[in-house]
Amino acid sequence: GDFCACLLSRMTGRPVKFVYTMEEVLMTCRRRHNMIVFNKMGMKKDGAITGMHSRVIADGGAHTAIGPLTMYLTGCMSTLPYNLPNFKHDAYRIFTNNPIGAAMRGHGITHTRFAAEIQMEMMAEELGLDPVAVRLKNAIEAPHVTVNKVTVDSCGLSEGLRILAERPEWKARDGKRANQGTVARGVGISGTSYLSGARQRGHQSCAAVLRLCEDGSIDYLTGATDCGQGSDTVLVQIVAEELGLSVEDVDIKRVDTAMTPCDPGSYGSRVTVLAGEAAQKAARDVKQQLATLAAEKWEADPADIVFKDRQVYVKGSPDARMSFENLAKVACYSGSGGVIVGKGYSQYGIDILDFDRGAGNSGTAYSFTSQMSEVDVDLETGVVKCQNMVIAHDCGRPLNPINVEAQNQGAAVQGLGQALYEEFKMDRGHTLNADFVDYKMPLSTDVPRIEVIDILTDDPHGVYGAKEASEGAIVSTPPSVVSAIHDATGIWFKEQPVTPEKIVMALKRKREGRVSDR
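Read on for a plain summary of the structure. (Residues numbered from 1 in each chain as written. Predicted model: local features only at pLDDT ≥ 70, side-chain atom pairs only at ≥ 80, totals over all residues. Heavy atoms only, no water.)

## Focus: helix α6 (residues 157-165)
Along α6, the residues classified as buried are L157, S158, G160, L161, L164 and A165. Axial view of α6: buried residues confined to an arc of 160°, hence all on one face. On its buried face, α6 sits against α5 (131-138), α7 (168-171), β8 (183-196), β16 (365-378), β17 (384-394) and β20 (449-455). (Buried < 20%, exposed > 50% of the residue type's maximum accessible area, 1.4 Å probe, protein only. Helix = DSSP H or I, 4+ residues; strand = E, 2+ residues; numbered from the N terminus. Arc of directions from axis to C-beta. Contact = heavy atoms within 4.5 Å.)

## A short note on the layout of surface pockets
In this structure, the largest pocket encloses a volume near 1,300 Å³. Along the walls of the largest pocket sit 44 residues, with H33, N34, M35, H111 and Q496 positioned nearest its centre. At 7 residues, helix α4 (residues 109-127) tops the list of elements feeding residues into the lining of the largest pocket. Residues of the lining of the largest pocket, tallied by class, amount to 24 nonpolar, 11 polar and 9 charged. Here the second largest pocket is characterised by a volume of approximately 870 Å³. Taken together, 41 residues line the second largest pocket, and the ones lying closest to its centre are Y267, G268, S269, R270 and E471. Of all the elements in the fold, those that place two or more residues in the lining of the second largest pocket are α3 (67-76), β8, α8 (231-243), α9 (271-298) and α11 (401-420). Split into classes, the residues belonging to the lining of the second largest pocket amount to 19 nonpolar, 15 polar and 7 charged. (1 Å grid on protein atoms, 1.4 Å probe; cavity = no way out; pocket = protein on both sides within 12 Å on 5 of 7 lines; lining within 4 Å. Points joined across faces, edges and corners; volume = space filled by probe spheres on them. Nonpolar A, V, L, I, M, F, W, Y, C, P; charged D, E, K, R; others polar.)

## Comments concerning empty space enclosed by the protein
Scanning the model with the defined rule gives 1 cavity of 30 Å³ or more in all. Estimates place the volume of the largest cavity at around 60 Å³. Along the walls of the largest cavity sit M41, I49, M52, S78, T79, L80, Y82, N83, L84, R113, A116 and M120, which together make up its complete lining. Broken down by secondary-structure element, the contributors of at least two residues to the lining of the largest cavity are β3 (49-61) and α4. Looking at the lining of the largest cavity, the element that brings in the most residues is α4, giving 3 residues. Considered class by class, the residues forming the lining of the largest cavity number 8 nonpolar, 3 polar and 1 charged.

## Let's talk about the pairing of strand β12 (residues 305-308)
The sheet contact formed by β12 and strand β13 (residues 311-314) spans 4 bridges and is antiparallel. Across the sheet, residue F307 finds its bridge partner in β13, namely V312. Hairpin connection from β12 to β13: 2 residues lie between these consecutive antiparallel strands, with D309 at a positive phi of about 50°. (Pairing = 2+ DSSP bridges.)

## Some words on the pattern of salt bridges
Inspection of every chain in the model, using the stated rule, returns 24 salt bridges. Between R167 and E451 there is a salt bridge, and its shortest N-O distance comes to 2.9 Å. Here E451 lies in strand β20 and R167 lies in the loop between α6 and α7, a separation of 284 residues in the sequence. Relative accessible area serves as the criterion here: at 17%, R167 is assigned to the buried category. Between D427 and R428 there is a salt bridge whose closest N-O contact spans 3.4 Å. (Salt bridge = Lys/Arg side-chain N within 4 Å of Asp/Glu carboxyl O.)

Below, the structure written as structure tokens:
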């Protein structure tokens, strides 16, 4: 569709808009890979993990697309968030007649982390160990370098797990609570990790250009696109913070490839971290130029010039002060006049990723998410209702806490869809449920109460200590929900989505004394 629109526009010399029907979207567009994950894990009697071997077989659909990166991510991030001294990973992407398997939120990591989390809980249960204690025993602490050379310099996993372990919902979990009629309540937990500032080959740098206007406002050009995650707000906040301005003083321009700097795109939890780094550098460029000018006026050191609350002054000299607007006028009108433009671009070193061996840093930093989910399971109908979620999320430092909370809630609901509802029914390459009647997703009435707790770690590699601030919650949700279903039913489900039919049939097998695990 993208190339068709471009080529037709070039042929006609007119703007072209390519529009899919919803049925076409569900039948032909890219979707998350279906995967079969074989996982083997070693664990000592005290709960210490000794090693893991994972094998992934993915349905790639009819074309390659971004598939090789997907397969890389299934393995390279499996060495987090727990100590894993020995690890082997085999990944196979199979061409089929189905629609293309590609990237979706939690790219590649949702599959293998789900398998490992549930397997850890199964082993802990078999060994008679508390699932939180097992996680705390194996949780990494920063600084840490994994067996495949992933470098972690901030980690709030243990703190998040301890917070959840003190919650009354978790303390009341004993697997023997009285049911309310046919409804059994269960509580589950998970601890996961996700990358921040995704890295690939080729051009990956974000850029920013700032122009100081004569009235003291800032024109901000960036190629980073806000797809609904609120990145425009955060990037403007960064510029305003550096220059001592309000967000109202910064005008972010619409992305237009004819004018704005080149940007790799909004994916891989990279916009706040990398486009934010570019914005911060561009703002500091402007600030340095203005500080030099102000220092000459007041015969001071540029390093002593302070920008705060729309004012500019010399540290320790209250009389040497003027408004930011006046300084902008001085900069633009004094003498022959001047033009103040700042620029910046993101950099994260030149480390070479070993895509063949899955070694090296696939991101600039790594977030850690601990999650508790509480569900009610109707033992007659198999219907699951998720009632509560508590997400303890280490995003370094949340630059916009309301945004972080909302994004975590959205990711958790997406993860709930994966765990309980969403599934394409296929027949020889044809999608049988290409509408919202038969393709089930969580409705507003299915959304649980979601509490988000920020774990502050101030990552040294992120702007103002920030890391990715929500994608991790789509990774942590499915294992915590499925763990809760096990707590309610006593049955381990290994295949998503866990539909009412699967629960009813598993309960029937359990009553009949047959193998109950799916």
